[in-house]
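# Remarks on the overall topology
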Amino acid sequence: MRILIIEDDEKTSDYLSRGLTENTFLVDTANTAADGLRMATTASYDLVLLDVMLPDKDGWSVLEELRKAGKEMPVLFLTARDAVEDRVKGLNLGADDYLIKPFAFTELLARVRSLLRRRPPLPLADKLSVGDLEVDVTRRRVTRAGKYIELTVKEFDLLLFLLRNAGNFQSRTVIMEQVWDVNFDTDSNIVDVQVRRLRAKVDDPFKTKLVHTVRGVGYVIEERN
């Protein structure tokens, strides 16, 4: 499960990130509303922890923009504002829960798990495609423009992960944890190497490129004009 923390207090953000990571969640952090909105609308998250009082825009506005953008992930507000009208405002805008600062991490963790349990699991498609690239998941068969492409096990797993998150950038850390099931080693270039090998098979022989680099972040698969 992947969680985004939008919190301007660095100490609080680090504390939450460390605690959630220790409980096996993948965690990204943003210190401003602008960064949080960019990340939440360009990547896939299972839950957002959102501070109400941010330096550039309040959390209510962030939530409103997320919902207008069609993002339906659960949002848990974190705030020192305990007035009833503040809580009602957040819930009316589409927040899923509200936690008043200061709070115990154990309570936060319980609420996070409760919100995630409410989400119905999305069915995994048997066939995935982007542009003229098609993957039969059950048969582990990949074709592009009708031409069969033979991939290694890890190349297929990497392609499948990118396709299941098509249009949303994936960091090297997340790719490493999800495809290789290990913690990311900053000295390792295994992700970049595997992406190059995958591109050599699914992109290089074709005019239109589908696997793109997000500079300083990671990779995304999508059809671009």
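A few points on the structure. Each chain has its residues counted from 1, following the order in which its sequence is written. The model is predicted, so local features are restricted to residues of pLDDT at least 70 and side-chain atom pairs to those at 80 or more, both for listing and for counting; the totals for chains, interfaces and linings are taken over all residues. To get the side-chain values, take all heavy atoms of the structure and skip hydrogens and water.

### As for the pairing of strand S1 (residues 2–6)
Along any regular strand, the residues point their side chains to alternate faces of the sheet. The test is simple: Partly exposed residues are those whose accessible area sits between 20% and 50% of the maximum for their type, while under 20% is buried and over 50% is exposed, using a 1.4 Å probe and protein chains only. Here a strand is any run of E in DSSP of at least two residues, a helix any run of H or I of at least four, and the numbering for each starts at the N terminus. Any two strands are treated as partners once DSSP identifies two or more bridges connecting them. Assignment of crossover handedness uses the view with strands pointing away from the viewer, where a clockwise path from the first strand over the helix to the second indicates a right-handed crossover.
A large share of S1 lies buried, amounting to 5 of its 5 residues. Of the two faces of S1, both are covered, the one formed by Arg 2, Leu 4 and Ile 6 as well as the one formed by Ile 3 and Ile 5. Pairing geometry for S1 and strand S2 (residues 26–30), over 5 bridges, is parallel. Of the residues in S2, the one forming a bridge with Ile 3 is Val 27. Handedness of the β-α-β unit built from S1, helix H1 (residues 10–22) and S2 comes out right-handed. Two strands pair when backbone bridges link them, and S1 and strand S3 (residues 47–51) are joined in this way by 4 bridges, in the parallel orientation. Bridge pairing in S3 links Ile 3 to Leu 47.

### Observations regarding the side chain of Ser 17
The condition that has to hold: Residue contacts are counted whenever heavy atoms from the two residues lie within 4.5 Å of one another.
Relative to the helices and strands, Ser 17 resides in helix H1. With relative accessibility at 17%, the residue Ser 17 sits in the buried group. With residues up to four places along the chain from it excluded, the contact list for Ser 17 reads Ile 5, Val 27 and Thr 29.

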